[in-house]
Amino acid sequence: MGKLRNNGVRTLKQVRKLVSIREGQRKRYFEEDQDLALKSLHTDHSYDVTSKKIVPDISNIVHEEVLDNDGNNLTPTDDWRIGRRVVELGVIADHLQQCKHCGLPLSLHNIIDIKTYGLGSVLKVLCTNKSCGNINAIPTGKQHDHKIWDVNTKLALAAIDLGLGEHQINGLLSILNIPTVSHCMIDSRIREVGDVIESVADQSMEESDGNDNVTVSVDAAWQRRGSGRSYDSLTGHCSMIGSKTGKVINYKWRSKACRICQRAETSGNIPRVHKCNKNFTGSAKAMEPDMVVDMVKESRSKGANITAIIGDEDTTTIARLRAKVDPTIVKLSDSNHMKKPIRNRLYELKNKHSTLSPKVISYIMKCFNYLIAQGKGQPKKIEENLHALSKHPFGDHSSCSTDWCRFIADPSIKYKSLPYGKPLQDKALQESLTTLFQKYILNSEKLANLGSTQSNESFNKSVAAKAPKNRFYGGSRSLAYRVAAAVAQKNTGHRYTVDVNVSSGLSPGLYTRKLATLRDIQARKRKAVAITTEAKLRRIALKASRNQSSSTFEVREGVCYQSNTMIDTATEDSDEKILEIPAPKNKPVENDSKPDISTMTHIYFDIEATGLGKKELIETKPSLKKRQYLILHLGPFCIENFTIFYSKNTPPLVVQHGRTSHITQISARRGLETFSKYILPAREITPKAAEVTGLTFQNGSLYLLDKIVPAVGVKEGLTGFISFLEKSTNNVIFGHNIYNYDCPVLYNALDNCSLLDDFQSKIVGFVDTLKLFKLSFPNLGSYSQCKLCDTLINLSYDAHNAEDDVNALFRLVNEKIDNFTDVQKVFQSELSVFYNYVSLKQMNKNVSSLKQMLDDKVVTKRTANCIARSGLNLSHLRLAYSRNGRTGIKDIFSEPCGSKARVTKSAKIIDSVSDFLKEL
């Protein structure tokens, strides 16, 4: 539109011209097939076939007219009350002091117009003096160099420093409801501040340069991700950093693109006169040698005598340097690039040698790194140590040195980092390691004089932050400015932004200085902490922990992400590959500050059931001696609530689990209020339970001592019990031996009736009075409830009747327990009891699959129960072994579950299970 005259106010001619242009845009975009176009705007699908006219995307045209779906005009207006503005209060206050004509104070209430220039604005304020009526132009901020707004220049500096482009800047401003800025304005200001950044970077390099013999590290990076054949980036940069100072002493960038040239070529025109950004025509791989040669030549011309360079082994840089600059330049290898191939080669050998586990690889690499560090500058020593390294893990210390091998002084000590603390025995592996290290023995001279390009890698990260790889800045000078900003930050810290402001003639401001200083202090502090021994050990421990967790997750999850995974899994075993092994469930951690039980509502509780607390024989044909042998020595096969013990020569022995028995009576007491119900069971009452409780179940009726008693269904009885609990809050249930018997039976019944959630919401926790009296009254002969009542309160009653048991327990606790400290100690939260129930349920479900392991004495019954309780069955173990062999079994067995391992860390058990699975 051209520049506006009359202090930014449009003339009538300009207004008419603008209206005409906008009308033409409407006709061009929307007039043809208007009904059809409007319909496509409201459709839910952009691919609607009824739309013949494509509406152009004008989202990036910031200052064009924009209409929403309802036809509302979203074009920025001149109403100063709309949106937000960035203002300098001091500047506005100074200009509002008086009118330029009459000298009377001005007020913001009298703004009649606003003109926006990027983030800067000019307010048109009318003087209230009727005889004056002057319209004053009030700027919202400072300006420099022919009305360039300071805030726009600072915005460009922020964009370079933070790696933002015009799209990102306008996205941020629009979300803040601040008027967006034009692409032309941003480009102009970036060019303005970019030249200053380059001069600040050059000055910082001059301060870091020296005239003595200099050893430098060099490394290049590209602005496009890739490796191997995919190195096809259009741009790249390279840094040269002094090995002693850690400062950048030179840098270069290369670009194979120029936006102006490309646009001219596309339109078939001759490019206008410009400073072309294209400075390289070769392949991306050739950029690094070209830049290094250029930097060395330039640095030498300035007086820096570069005698050696540190670099990786990936390029022919040193060969080109010696051919084009100086044949005497020394090449030092980067330590990380020398060590990484060894680790990769060891992992390749892992596929051939099963004993070469990740733990063994870590041990060999630790020894290798230590030997290199000890032999710095001594090639002969490194050569001898590498000869010893292929023997040391195998117990042969004839070539070891007392400087690093402690086995020479004491051969009886164990290897801390090798399996079982014993030396390796795989001779084939030893031969492979000897062959591997022979290659490095021939390069002992290099290994004795390693350098580091870590500073260059750090610099490359800074460049990536300012010129992200997912955005292309190489078509203009923007990339050069961003690389220069990284150089200035590397050499002087974040305060380079202050230097750029000063060099631009701008005031840095308090907050710019404050944050730059704070960031530099934080960086120095992080660096000081990172080099301490404690920090290094912590990093090693965290890395080991992450690796262990990652390995365990991969074993549990199966194939999740890999090349051609959909093709590979489209086979018969695809379901097995993606099948997940269940994660361990951590036991709830009891809060140290347990609730005050004395203030809670005490519910005394007892149940009777179809079976007793222990496993009970309900069908048998073998002799008593044979039955005892079967129970003690044979592995079980569980079917729901029963365990069937098999023998080759005798009929099976059926055993019922008391913890999954059916309830026959439930009773509770709260103060003087009681609750008691007989329950109709869904199975027969075992003879032993009938003998103890006097209850029998015949022909659908419940009998007590051969007399029918009124009984209800289990769901009705449990619902009544929950209703009894609802009458009070903060309920804590007291019962004798409830942790081992009553709670599992009750939870099983509630779970089967879908009442578990309702019950859990009514209670806080449980107190097992068996544990309570063992704690409060030690050294008693028996802790059965009958004996306790007889011994402590001289009470005899009808035991194994739930109602009588509850009343007796109520009296026993209230008369003999007055120290609630012991009650607090044996208290368990409802979550903890529920966790035990779920674990028991898992064990009963999974242990049957481990029968063969028990029969073959691979594991003990206790270990089998532990495996089953953790949620694992035989199919899970087979999956883990198929995915990572012995390491897979180790990973899931030793996976952290709270403060303990999920199953065990015992190498003996892990090996035994692995050997068993290997034979399957």
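Being a predicted model, the structure only gives us computed values, none of them experimental.

Our focus in this paragraph is the pattern of salt bridges. When their charged atoms lie close together, side chains carrying opposite charge are able to pair. This structure, assessed with the given rule, holds 22 salt bridges. For Asp-855, the salt bridge goes to Lys-851, with nearest N and O atoms at 2.7 Å. You can see Asp-855 and its partner Lys-851 sitting in helix 32 (residues 851-855), four residues apart, about one turn around the helix. Two residues, Arg-886 and Asp-911, come together in a salt bridge whose shortest N-O distance is 2.3 Å. Of this pair, Arg-886 sits in helix 34 (residues 874-893) while Asp-911 sits in helix 35 (residues 907-919); the two residues are 25 residues apart in sequence, bridging distant segments of the chain.

Here the focus is the sheet that holds strand 19 (residues 701-704). Overall, antiparallel pairing links the three strands, which are arranged 18-19-20 in an open sheet. The outermost strands of the open sheet, each flanked by one partner alone, are strand 18 (695-698) and strand 20 (707-708). Two elements, strand 18 and strand 19, share four bridges in a ladder whose sense is antiparallel. Paired with Phe-697 across the strands is Leu-702, a residue of strand 19.

Moving on, we come to the packing of helix 19 (residues 533-557) against helix 34. Viewed as axis vectors pointing N to C, helix 19 and helix 34 meet at an angle of 135 degrees, and their least axial separation amounts to 9 Å. Between helix 19 and helix 34, the angle is such that the two are oblique. The two elements helix 19 and helix 34 cross, and the hand of that crossing is left-handed. Residue-level contacts link Gln-548, Ser-551, Thr-552, Val-555, Arg-556 and Glu-557 of helix 19 to Ala-880, Arg-883, Asn-884, Gly-888, Asp-891 and Ile-892 of helix 34. The residue inventory of the contact of helix 19 with helix 34, partitioned by class, reads three nonpolar, five polar and four charged.

A few words now on the environment of Tyr-420. Tracing the backbone shows Tyr-420 in the loop between helix 12 (379-389) and helix 13 (427-441). In sequence terms Tyr-420 and Ser-906 are 486 residues apart; their C-alpha atoms lie 9.9 Å from each other. Residues contacting Tyr-420, with those up to four places away along its chain left out, are Arg-886, Ala-907 and Asp-911.

Here five strands make up an open sheet; going across it, the order is 8-7-6-9-10 and the pairing mixed. With partners counted over all chains shown, the strands left at the sheet margins are strand 8 (248-255) and strand 10 (330-333), one partner each. Recorded for the sheet is a direction-independent mean angle of 25 degrees between the axes of neighbouring strands. Examined bridge by bridge, strand 9 (residues 305-311) and strand 10 share four bridges and lie parallel to one another. By the bridge assignment for strand 10, Gly-311 is matched with Ser-333. On top of the sheet, helix 15 (residues 454-466) reaches strand 6 (213-222), strand 7 (235-242) and strand 8; it is set at about 140 degrees to strand 7, its chief contact.

Looking now at the nonpolar core. As a rule of thumb, nonpolar side chains are buried together in soluble globular proteins. The biggest cluster of nonpolar side chains holds 38 residues, and the ones touching the most others in it are Val-181, Tyr-251, Phe-459 and Val-500. When contributions to this core are tallied by element, the ones reaching two or more residues are helix 4 (150-162), helix 5 (166-175), helix 6 (183-208), strand 8, helix 15, helix 16 (478-492) and helix 17 (496-503). Not counting the four nearest positions on each side in its chain, Phe-459 is found in contact with His-237, Ser-239, Ile-241, Val-248, Val-483, Ala-486, Val-487 and Lys-490. In terms of nonpolar packing, the next biggest core, distinct from the first, is built from 35 residues, Leu-349, Ile-382, Leu-447 and Ala-448 among them.

Taken N-terminus to C-terminus, the directions of helix 11 (residues 358-374) and helix 12 make an angle of 165 degrees; their axes are 9 Å apart at the nearest point. Relative to helix 12, helix 11 is oriented roughly antiparallel. The handedness of the crossing between helix 11 and helix 12 is right-handed. Here Ile-364, Cys-367, Phe-368, Leu-371, Ile-372 and Gln-374 of helix 11 come into contact with helix 12, specifically with Lys-381, Ile-382, Asn-385, Leu-386 and Leu-389.

Moving on, we get to the environment of Glu-313. Mapped onto the fold, Glu-313 is located in the loop between strand 9 and helix 9 (317-324). In this structure Glu-313 comes out as partly exposed when scored by relative accessible area, which is 36%. For Glu-313 and His-337, which are 24 residues apart along the polypeptide, the C-alpha to C-alpha distance reads 7.0 Å. The residues touching Glu-313, leaving out its near neighbours within four places in the chain, are Lys-331, Ser-333, Met-338 and Lys-446.

Attention now goes to a nonpolar patch on the surface. A contiguous nonpolar patch, built from Ile-112, Leu-126 and Ile-135 and spanning about 240 Å² of accessible area, is present on the exposed surface. Given a relative accessible area of 43%, Ile-135 falls into the partly exposed group.

With a phi angle near 50 degrees, Asn-730 is a residue other than glycine that sits in the positive phi range. Relative to the helices and strands, Asn-730 resides in the loop between helix 24 (714-726) and strand 22 (731-735). Taking the relative accessible area as the measure of exposure, Asn-730 reaches 44% and is therefore partly exposed. Despite not being glycine, Ser-754 has its phi angle at roughly 60 degrees, a positive value. When you line up the elements, Ser-754 lands in the loop between helix 25 (738-752) and helix 26 (756-760).

The next thing to look at is the side chain of Arg-254. As for its position among the elements, Arg-254 is in strand 8. Given a relative accessible area of 7%, Arg-254 falls into the buried group. A polar contact of 2.7 Å, which involves the side chain of Arg-254, links it to the side chain of Asp-290. One polar contact links Arg-254 to Asp-294, side chain to side chain, over a distance of 3.1 Å.

What the rule picks out here adds up to 17 aromatic pairs. The interplanar angle of 35 degrees and the centroid separation of 5.3 Å between the aromatic rings of Tyr-604 and Phe-734 together place this pair among those described as tilted. In this pair, Tyr-604 sits in strand 11 (residues 601-609) while Phe-734 sits in strand 22, placing the two residues 130 residues apart along the sequence. Cluster of aromatic residues (ring-pair linked, three or more members): Phe-605, Phe-675, Phe-721, Phe-724, Tyr-747, Phe-759, Phe-766, Phe-834 and Tyr-837. In this arrangement the basic side chain of Arg-406 is found over the ring face of Phe-407, its NZ or CZ atom lying 5.2 Å from the centre. Of note, Arg-670 hangs over the ring of Phe-724, and the distance from its end group to the ring centre comes to 4.1 Å.

Quick notes on the rules
- Numbering of residues begins from 1 in every chain and follows the order in which that chain's sequence is written.
- Thresholds applied to this predicted model are a pLDDT of at least 70 for local features of residues and 80 or more for the giving and counting of side-chain atom pairs; totals over whole chains, interfaces and linings are not thresholded and use all residues.
- Only hydrogens and water are removed before side-chain values are computed, so all heavy atoms of the structure are retained for them.
- We define a salt bridge as a contact between a side-chain nitrogen of Lys or Arg and a carboxyl oxygen of Asp or Glu at a distance within 4 Å.
- Runs of E in the DSSP output that reach at least two residues are strands. Runs of H or I that reach at least four are helices, and both are numbered from the N terminus.
- Pairing between strands is defined by DSSP: at least two bridges between the two strands are required.
- Axis definition: a line fitted to C-alpha atoms, over the contacting stretch in the case of helices. Angles run 0 to 180 degrees between N-to-C directions.
- Just so you know how the angles are binned, under 35 degrees is roughly parallel, over 145 roughly antiparallel, 65 to 115 roughly perpendicular, and the rest oblique.
- Each crossing gets its hand from how the near helix is turned against the far one by less than a right angle, where anticlockwise is left-handed and clockwise is right-handed.
- Throughout, a contact is declared for two residues whenever any of their heavy atoms are within 4.5 Å.
- Under the convention adopted here, Pro, Cys and the residues Ala, Val, Leu, Ile, Met, Phe, Trp and Tyr are nonpolar, Asp, Glu, Lys and Arg are charged, and Gly plus all remaining residues are polar.
- Nine residue types can take part in a nonpolar core, namely buried Ala, Val, Leu, Ile, Met, Phe, Trp, Tyr and Cys, and a core is a set of them joined through side-chain atoms within 4.5 Å.
- Each residue is assigned to one of three classes by its accessible area relative to the maximum for its type, calculated with a 1.4 Å probe on protein chains only: buried under 20%, partly exposed between the two thresholds, exposed over 50%.
- Like charges are joined within 9 Å and nonpolar side chains (Val, Leu, Ile, Met, Phe, Trp, Tyr) within 5 Å, but only among residues with over 30% relative accessible area and no salt bridge; these make up the patches.
- For the area figures, the Shrake-Rupley method with a 1.4 Å probe applies, and any residue is considered shielded solely by the protein chains shown.
- Pairs of N or O atoms are called polar contacts if they sit within 3.5 Å, as long as, within protein, a hydrogen donor faces a hydrogen acceptor (for residues adjacent in sequence, only side-chain-to-side-chain pairs).
- Two rings belonging to Phe, Tyr or Trp (six-membered ring only in the last case) form a pair when the distance between their centres is within 6.5 Å. Interplanar angles under 30 degrees mark stacking, angles over 60 mark edge-to-face geometry, and anything in between is tilted.
- The criterion is that NZ of a Lys, or CZ of an Arg, lies within 6 Å of the ring centre and within 35 degrees of the ring normal, and then a charge sits over that ring.

By themselves, these are just geometric observations and shouldn't be taken as functional.
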